[in-house]
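What the coordinates show
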Amino acid sequence: MLEPEYSERPVMQQRLRVENLCRRYRDTVALDDVTLTAFSGEACGVFGPSGSGKSVLLRIIAGIEAPDSGVVSRRGSGCALSFAEPAVDLQLTPYETLWLHAILYEIPRRKRHAAVREVLVLMDLDSVRDIRVSSLSSGMRKRLELARALIATADILLLDEPTFGLDARMRERLWDRLLSLRSNEGRTVVIATSRPDDAELCDRINLLHHGRVLACGTVAQLRSMVGPEAVVIKPLDAKKAGTKGLRRNKAGITAFEQEGSLVVEMGMDSTPVELIRQISGDVAAVRLRPQGLGTVLDELAAQAAVRKAKDAE
Amino acid sequence: MNALSSAEKTWALSLRELRLLGRSRSRLLGALIVPVFGGAVAGLAERATSIPTTTPSLFVLLPLCAILFAADSRVSGTRAAAALSAVTNRSITLASWVVAALLLLAVQAVILIASAAILGDLNVETTIIIAAVGVSLAAGSAVRRLLGPGRGAFDPL
């Protein structure tokens, strides 16, 4: 499901289109009729739990694996792929690995050394550039794996769990680079992740569950599909706000005081209005705390399961 | 992609294969010991029986070496190989293996013949050596093609 503002974009801006992709491994359905589009100058997220089919999707887009059915259409100068687990030759050094990829990505000979050096510095690997990969730590190997994709001049970057195993500083540095590639060079960055905080940095997110895209949209659009997670109420007098009354009156509701506010966590079938009505005392402000993407995915998956069960009946 | 960049990619990938072979002590020893022993056995057998055994040994041992080199899971079956196949097309991947195998087989043929000549009396013609290397390359590349990572198909947008 594409939201209007994106579906109305001209076809010329599309860089990647995946239509009705299906992939099966014996009895396991890895991808079930997956359709998605990515545009130039966009960070497109594929968010889902492990086993939802994210890696298979990227492998098919990259051309390593063939789908059972469906079409992958790409525009531009190819794509670069970074695997979730490092996929680098253990007997080579980081410099040799990146030099080889610089040749494969057709970086001109005179610019090759500078390009390799730049990503080595970016990923903090310059000090180990001549040590064999087999001697590097798992974190360093992961950084080399990312460097392998970042050196590419390809129009489409496919990154599978890019921040897995990275420390906070390196994660921030990677995201700065990715967003810069997107904005300044118009590249398309497709990120498969199970981390909500990574997915939320993407321009659009495809929620993938058991091989199906449940929804696609911006973070705000996806959150609005299931309503707020909690209502934060700022009463004039916190002591008179009556949290105990709330607990008694409404099953499935928990309420607690936090820094002078009353935080009410509500069930999906409750509405903020119902909750506010139950609060004794005057209210100064009401703020809705949005859902996390993980909760949105769980809720949409539950809704899809109910629909499927009804269809089966 | 012009012919020059294709050639450069092919050569770079060939060097990768040879580097990986060279940096693994067990693989390097295996690649050298097989022709040394094979040549020695063939040479001694030829001297003892006067039956020319070096020529058949070339057609057995060299294809065997090529197939082992092609099927080496430490090179072609790794995730690194899969990552490389995402970047380059299959014809270049195969061509790079042929170049690397050609270099390796040439060295192995020389070792085998030298080993057989030292221990026996032999007179192998150049055309026989070329034919043996050719058969080995064909067998090895068929195995490599079979075991190499598959490729999906794309439509241009």
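These numbers come from a predicted model, not from an experiment. (Residues numbered from 1 in each chain as written. Chains lettered and ligands numbered in written order. Predicted model: local features only at pLDDT ≥ 70, side-chain atom pairs only at ≥ 80, totals over all residues. Heavy atoms only, no water.)

Here we come to the overall build of chain A. Within chain A one finds 11 helices and 13 strands. Relative to its 313 residues, chain A shows a buried fraction of 49%. Put simply, chain A shows about 14600 Å² of open surface, and 50% of that area lies on carbon and sulfur atoms. (Helix = DSSP H or I, 4+ residues; strand = E, 2+ residues; numbered from the N terminus. Buried < 20%, exposed > 50% of the residue type's maximum accessible area, 1.4 Å probe, protein only. Areas by Shrake-Rupley, 256 points an atom, 1.4 Å probe, with all protein chains shown as cover.)

Once that is clear, we can look at the sheet that holds strand 7 (residues 188–193) of chain A. Residue and element names in this part refer to chain A. The 6 strands lie next to each other as 5-6-7-3-8-9, forming an open sheet whose pairing is mixed. This sheet does not close on itself; its edge strands, each paired only once, are strand 5 (79–82) and strand 9 (212–217). Mean inter-strand twist for the sheet, computed between neighbouring axes without regard to direction, equals 15°. Together, strand 3 (42–47), strand 6 (156–160) and strand 7 form the strand contacts of helix 6 (residues 168–185), whose direction differs from that of strand 7 by roughly 140°. Of the strands in this sheet, strand 3, strand 8 (204–209) and strand 9 touch helix 11 (residues 293–312), which is tilted by about 50° from strand 8. (Pairing = 2+ DSSP bridges. Axes fitted to C-alpha atoms, helices over the stretch in contact; angles between N-to-C directions. Contact = heavy atoms within 4.5 Å.)

On to the environment of A:H210. Tracing the backbone shows A:H210 in the loop between strand 8 and strand 9. C-alpha separation for the pair A:H210 and A:Q13, spaced 197 residues apart in sequence, amounts to 29 Å.

Another point: a nonpolar patch on the surface. On the surface, B:L29, B:I33, B:V36 and B:F37 cluster together to form a nonpolar patch covering roughly 370 Å² of accessible area. Along the polypeptide, B:I33 turns up in helix 2 (residues 25–49). (Patch = residues over 30% accessible without salt bridge, like charges linked within 9 Å, V, L, I, M, F, W, Y side chains within 5 Å. Salt bridge = Lys/Arg side-chain N within 4 Å of Asp/Glu carboxyl O.)

Turning our eyes to something else, we now look at the interface of chain A and chain B. The interface of chain A with chain B comprises 37 residues on the first partner and 27 residues on the second. Here chain A meets chain B over a buried area of about 2800 Å², counting both sides, of which 60% is carbon and sulfur. Of all residues in chain A, A:I64, A:D89 and A:L104 give up the largest surface area on contact with chain B, accounting jointly for 20% of the area buried on that side. Counting every contact that joins chain A to chain B gives 7 salt bridges. Between A:D89 and B:R16 there is a salt bridge whose closest N-O contact spans 2.6 Å. Counting residues per element, the ones that place at least two in the side of chain A that touches chain B are strand 1 (14–25), helix 2 (54–62), strand 4 (69–74), helix 3 (94–104) and helix 4 (109–122) of chain A. (Buried area = accessible area lost by both parts, 1.4 Å probe.)

On to unusual backbone geometry, then. Residues and elements named next belong to chain A. Despite not being glycine, D124 shows a phi value in the positive range, around 60°. A positive phi angle, near 45°, is found at E161, a position not held by glycine. Mapped onto the elements, E161 comes out in the loop between strand 6 and helix 6.

Turning next to the pairing of strand 7 of chain A. Residue and element names in this part refer to chain A. In terms of burial, strand 7 is a largely internal element, 6 of the 6 residues being buried. Of the two faces of strand 7, the one lined by T188, V190 and A192 and the one lined by V189, I191 and T193 are each fully buried. Here strand 3 pairs with strand 7 via 6 bridges, running parallel. Within the sheet, the bridge partner assigned to G45 lies in strand 7 and is I191. This β-α-β element, strand 6 to helix 6 to strand 7, shows right-handed connectivity. (Right-handed = clockwise from strand over helix to strand, strands pointing away.)

Quick look at the pairing of strand 6 of chain A now. Residue and element names in this part refer to chain A. Taking burial as the measure, the 5 residues of strand 6 include 5 buried ones, the bulk of the element. Of the two faces of strand 6, the one lined by I156, L158 and D160 and the one lined by L157 and L159 are each fully buried. Summarising the sheet, strand 5 and strand 6 pair through 4 bridges and their orientation is parallel. Looking at strand 6, one finds that A80 is bridged to L157. Judged from the 5 bridges that link them, strand 6 and strand 7 form a sheet pairing that is parallel. Bridged to D160 within strand 7 is A192.

All right, on to the packing of helix 2 of chain B against helix 5 (residues 90–119) of chain B then. When two helices pack together, you describe them by how their axes are tilted relative to each other and by the distance separating the axes. Residues and elements named next belong to chain B. In the contact formed by helix 2 and helix 5, the axes pass within 7 Å of each other and the chain directions differ by 35°. Considering the relative orientation of helix 2 and helix 5, their crossing is right-handed. Within the contact between the two elements, helix 2 uses A31, L32, P35, V36, G39, A40, G43, L44 and R47 and helix 5 uses L104, Q108, I111, L112, S115, A116 and L119. Here the residues of the contact of helix 2 with helix 5 are counted per class, giving 11 nonpolar, 4 polar and 1 charged. (Left-handed = near helix turned anticlockwise from the far one by under 90°. Nonpolar A, V, L, I, M, F, W, Y, C, P; charged D, E, K, R; others polar.)

Turning our attention to the confidence of the model for chain B. Of all residues in chain B, 91% attain a pLDDT of 70 or more, and the chain-wide mean is 84. Across chain B, the secondary-structure element scoring lowest on mean pLDDT is strand 1 (residues 155–156) of chain B, at 64, and the one scoring highest is helix 1 (residues 3–23) of chain B, at 90. (pLDDT = per-residue confidence, 0-100.)

Quick look at the side chain of A:R74 now. With respect to the helices and strands, the residue A:R74 is situated in strand 4. Reaching out from A:R74, the side chain makes a polar contact with the backbone oxygen of A:I61 at a distance of 2.9 Å. (Polar contact = N/O pair within 3.5 Å; in protein donor to acceptor, adjacent residues only side chain to side chain.)

This paragraph deals with helix 5 (residues 138–150) of chain A. For the α-helix, the turn length of 3.6 residues means that residues three or four positions removed from each other point alike. Taking 1.5 Å of rise per residue, 13 residues should cover 18 Å, and helix 5 of chain A covers 18 Å from first to last C-alpha, within 8% of that figure. Of all 13 residues that make up helix 5 of chain A, 10 are buried, and the element is covered over most of its length. Those residues of helix 5 of chain A lying buried are A:G139, A:K142, A:R143, A:L144, A:E145, A:L146, A:A147, A:R148, A:A149 and A:L150. On its buried face, helix 5 of chain A sits against strand 5, helix 3, helix 4, strand 6 and helix 6 of chain A together with helix 4 (79–87) of chain B. (Expected span 1.5 Å × (residues − 1).)

Residue and element names in this part refer to chain A. As enumerated under the stated definition, the model contains 2 aromatic pairs over all chains in all. Considering the side-chain rings of Y95 and W99, the 6.0 Å spacing of their centres and the 15° angle between planes classify their relative orientation as stacked. Note that Y95 and W99 are positioned in helix 3 at a spacing of 4 residues, about one turn of the helix. Since its relative accessible area comes to 14%, Y95 is described here as buried. The aromatic ring of W99 is capped on one face by R112, whose charged end is 5.5 Å from the ring centroid. (Phe/Tyr/Trp six-rings, centres within 6.5 Å; stacked < 30°, edge-to-face > 60°. Lys NZ or Arg CZ within 6 Å of the ring centre and 35° of its normal.)

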